[in-house]
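Residue strings, one per chain:
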Amino acid sequence: MCGTCGCSGGSEGGGGTRVAVPHTHPHDGGETITLEQRVLAKNEDLAAANRSWLAEQGIVAVNLMSSPGAGKTTLLERTIRDLAGRRPVSVVEGDQETMLDAERIKRAGSTVVQVNTGAGCHLDAEMMRDALTTLTPLSGSLVLVENVGNLVCPALFDLGERSRVVIISVTEGTDKPLKYPYMFAAADLVIINKIDLLPYVDFDIARCEEYARSVNPGLRILTVSATTGEGMQDWYDWVAEQ
């Protein structure tokens, strides 16, 4: 069981992803022990192998993480369409169930592999390896990973990606970076999405940026609307830098 959110999914031994969790023994008055450290260690080894293979192929993998409804899939759809003809793009689509998002990505014009995690709340390096084997992305291409909607566990699991992007939307709370500091501390880039809705919601961009940089001082932050296209060129420029 995952110590941060209680998920039972994952690929470890077919029995679910388990990470280090505190455990109080009923007879010793509160001794804390660490369980299943080997799971994260195994994941780190697989992630390193993924990263090495991607580097050898000249493939850039970007891990997109967010809470549900922040607009990851819409951003991916627009990215695929706008980058068509510039660079090959393929997608690893992570969800607990259904092929719905993968079908949207395919209609946008990208090759895609759907990874269903069941009760699992994140992708891991073994899932990433298997997805890459199925995708067979072209050398020099871009692989975009849409992780399971969750601002907790995906921060713990390295996939072997080049960069990590956290997407939040203006329909969420300004204080998200303070509530989920580990996610923002692990990010290379934060995208604040749905800025076309700013006139209708109570969201302070400047304060959200301040909160995000309080946990990650070097963080880059972009503001975009994946629906209207506003700010998307800044995202494409960032991707090109990778």
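Residues numbered from 1 in each chain as written. Predicted model: local features only at pLDDT ≥ 70, side-chain atom pairs only at ≥ 80, totals over all residues. Heavy atoms only, no water.

1. Some remarks on the sheet that holds strand 7 (residues 220-223)
Going by this rule: Pairing between strands requires that DSSP locate at least two bridges from one strand to the other. Working definition: helices are DSSP H or I runs of at least four residues, strands are E runs of at least two. Numbering for both runs from the N terminus. Here an angle of 0 to 180 degrees is reported between the N-to-C directions of two axes, which are lines fitted to C-alpha atoms, with helices fitted over the stretch in contact.
With parallel pairing, 7 strands are arranged side by side in an open sheet as 3-2-4-1-5-6-7. Looking at which strands have only one partner, the edges of the open sheet turn out to be strand 3 (111-116) and strand 7. Along the sheet, successive strands turn relative to each other by an average axial angle of 20 degrees, direction set aside. Relative to strand 6 (residues 189-193), strand 5 (residues 163-169) runs parallel, the two being bridged by 5 bridges.

2. Concerning the side chain of N43
Filter applied, for reference: Pairs of N or O atoms are called polar contacts if they sit within 3.5 Å, as long as, within protein, a hydrogen donor faces a hydrogen acceptor (for residues adjacent in sequence, only side-chain-to-side-chain pairs). We call two residues in contact whenever any of their non-hydrogen atoms come within 4.5 Å of each other.
Along the chain, N43 turns up in helix 1 (residues 37-57). Side-chain polar atoms of N43 contact the backbone oxygen of D158, separated by 2.9 Å. Residue contacts for N43: discarding those within four places in its chain leaves D124, A125, F157 and D158.

3. Topic: the pattern of salt bridges
Heads up, the condition is: Here, a salt bridge means any Lys or Arg side-chain nitrogen found within 4 Å of an Asp or Glu carboxyl oxygen. Residue exposure (1.4 Å probe, protein chains only): buried if accessible area is under 20% of the type maximum, exposed if over 50%, otherwise partly exposed.
Scanning all chains against the criterion turns up 11 salt bridges. Among the ionic pairs, E172 bridges to K176, the shortest N-O distance being 2.4 Å. Overall, the relative accessible area of 13% leaves E172 in the buried class. Notably, a salt bridge pairs R220 with E241, separated by 2.7 Å at the nearest N-O pair. A residue pair is termed long-range when its members are at least 10 positions apart, and R220 in strand 7 and E241 in helix 8 (residues 232-241) qualify at 21 residues. Connected via shared salt-bridge partners are K42, E126, R129 and D130.

4. Topic: unusual backbone geometry
In terms of backbone geometry, most residues other than glycine have negative phi values and most peptide bonds are trans. The phi dihedral of T98 is positive, around 75 degrees, even though this residue is not glycine. Counting through the fold element by element, T98 comes out in the loop between strand 2 (89-95) and helix 3 (100-108). A positive phi angle, close to 45 degrees, is found at T136, a residue other than glycine. Along the chain, T136 falls in the loop between helix 4 (125-135) and strand 4 (142-146).

Remember, this is a structural readout, not a statement about activity or role.
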